[in-house]
Structures are given as structure tokens and as C-alpha cells.
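# Fold and contact review
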Amino acid sequence: QVQLVESGGGLVQAGGSLRLSCAASGTIFSINAMGWYRQAPGKQRELVAGITSRGSTNYADSVKGRFTISTDNAKNMVYLQMNSLKPEDTAVYYCHADLRRSTWSPSQYYWGRGTQVTVSS
């Protein structure tokens, strides 16, 4: 089976930085895209940043210039460097992957269980 495991969340003061990591493991043929979503209490889950196998990146307007997504394809890992954090960045951050498990398998979506990021004022 495929498993996504996030790490790096925690409590940080406004203006500080955190680096989130997500490791994908299991039977993986290819990864089409990986990304980070977040969900604050009472709000919808939203895309924070994504990156495709072609190298294209996409960021939510609220994090542009502050967050950077990157991958280590050899290790099937994706990272989110978060700088200049604001209290409104507080949320559970989820790792997401769009991947194929074999040549004959269709692409499927997978989610990590999430890691809490709390930014104090």
C-alpha cells in the first residue's frame, strides 16, 4: 500500500519559519504531482502549494513569496519551506500525492494524516 507521512509541524512565533516534509512509501510506479493542503477549524481544505512531475508549481495567493515547495524525486519526498509565518497560517497541513502504483494502474489520490502548524502572535 501507499503511505504518506508528514513531519515538521509545530508551534512557532509570527515571523518565524518551519519546514514540512512528506515521505511517500510503498509501491509507487510514478508520481504525477505532490502538494500541500491545509485546513483550519471551520474552514474548507485549501491548496497551499503544488508541484507536478514537469516541474510546474502553483501557490495560493496568500502564501506567494513566503512558501516554497520542492521535491526530492529519488526519495519520493516533498517539502514545504514556510517563512514569515503569520497567525492566519495556523492549520493542519496535509500532504497530497497523485500517483500511479504500476504501469497498468490509473492515477489515484493519496493523503497523509496531517501535521499541525500553529503560529502565535
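As shown above, the structure is provided for reference.
Starting afresh in each chain, residues are numbered from 1 along the sequence in its written order. Only residues with pLDDT of 70 or above have their local features reported here, since the model is predicted, and side-chain atom pairs are shown and tallied only from 80 upward, although totals for entire chains, interfaces and linings are computed over all residues. As a rule here, side-chain values come from all non-hydrogen atoms in the structure, and water together with hydrogens is ignored.

What follows covers the overall build of the chain. Secondary structure summary: the chain contains 0 helices and 11 strands in total. Strands here are runs of E lasting at least two residues and helices are runs of H or I lasting at least four, both read from the DSSP assignment and numbered beginning at the N terminus. Going from the N terminus to the C terminus, the chain shows its helices and strands as β-β-β-β-β-β-β-β-β-β-β. The atom set for the radius of gyration is the C-alpha atoms, and the globule formula is 2.2 Å times the number of residues raised to the power 0.38. For 121 residues, the compact-globule formula gives about 14 Å, and the C-alpha radius of gyration of the chain, at 14 Å, lands near that figure. Oriented by its inertia axes, the alpha-carbon framework of the chain measures out at about 50 × 25 × 25 Å. When the accessible surface of the chain is totalled, it reaches about 6,800 Å², and 46% of it is carbon and sulfur. Side chains of the chain carry 12 positive and 7 negative charges; the gap between the two charge centres is 4 Å. Only the protein chains shown count as cover for residues, and all accessible areas are computed by the Shrake-Rupley method using a 1.4 Å probe. Note on charges: Lys and Arg go in the positive column, Asp and Glu in the negative column, and His and the chain ends are not counted at all. Note on charges: their place is set at NZ of Lys, CZ of Arg, CG of Asp or CD of Glu.

On to the packing of aromatic side chains, then. Only Phe, Tyr and Trp rings are paired, with Trp represented by its six-membered ring, and only when their centres lie within 6.5 Å; those with planes under 30 degrees apart are stacked, over 60 edge-to-face, the remainder tilted. Scanning the entire structure with this criterion turns up 1 aromatic pair. Aromatic pair Tyr37 and Trp111: ring centres 5.0 Å apart, planes at 65°, arrangement edge-to-face. Of this pair, Tyr37 sits in strand β4 (residues 30–39) while Trp111 sits in strand β10 (residues 108–111), and the two are 74 residues apart along the sequence. For each residue, the accessible area found with a 1.4 Å probe, counting protein chains only, is set against the maximum for its type, and the residue is called buried under 20%, exposed over 50%, and partly exposed in between. Judged by its relative accessible area of 22%, Tyr37 is partly exposed. The exposure class assigned to Trp111 is partly exposed, which follows from its relative accessible area of 38%. Sitting over a ring, as applied to charges here, requires NZ of Lys or CZ of Arg to be within 6 Å of the ring centre and within 35 degrees of the ring normal. Of note, Arg19 hangs over the ring of Tyr79, and the distance from its end group to the ring centre comes to 4.1 Å. Of note, Arg45 hangs over the ring of Trp111, and the distance from its end group to the ring centre comes to 4.7 Å.

So, on to the pairing of strand β3 (residues 18–25). Pairing between strand β1 (residues 3–7) and β3: 5 bridges, direction antiparallel. Of the residues in β3, the one forming a bridge with Ser7 is Ser21. For two strands to be treated as a pair, DSSP must find at least two bridges joining them. The pairing of β3 with strand β8 (residues 77–82) spans 6 bridges and is antiparallel. Opposite Leu18, over in β8, you have Met82 as the bridge partner.

Function cannot be read off these values alone, since they describe shape.
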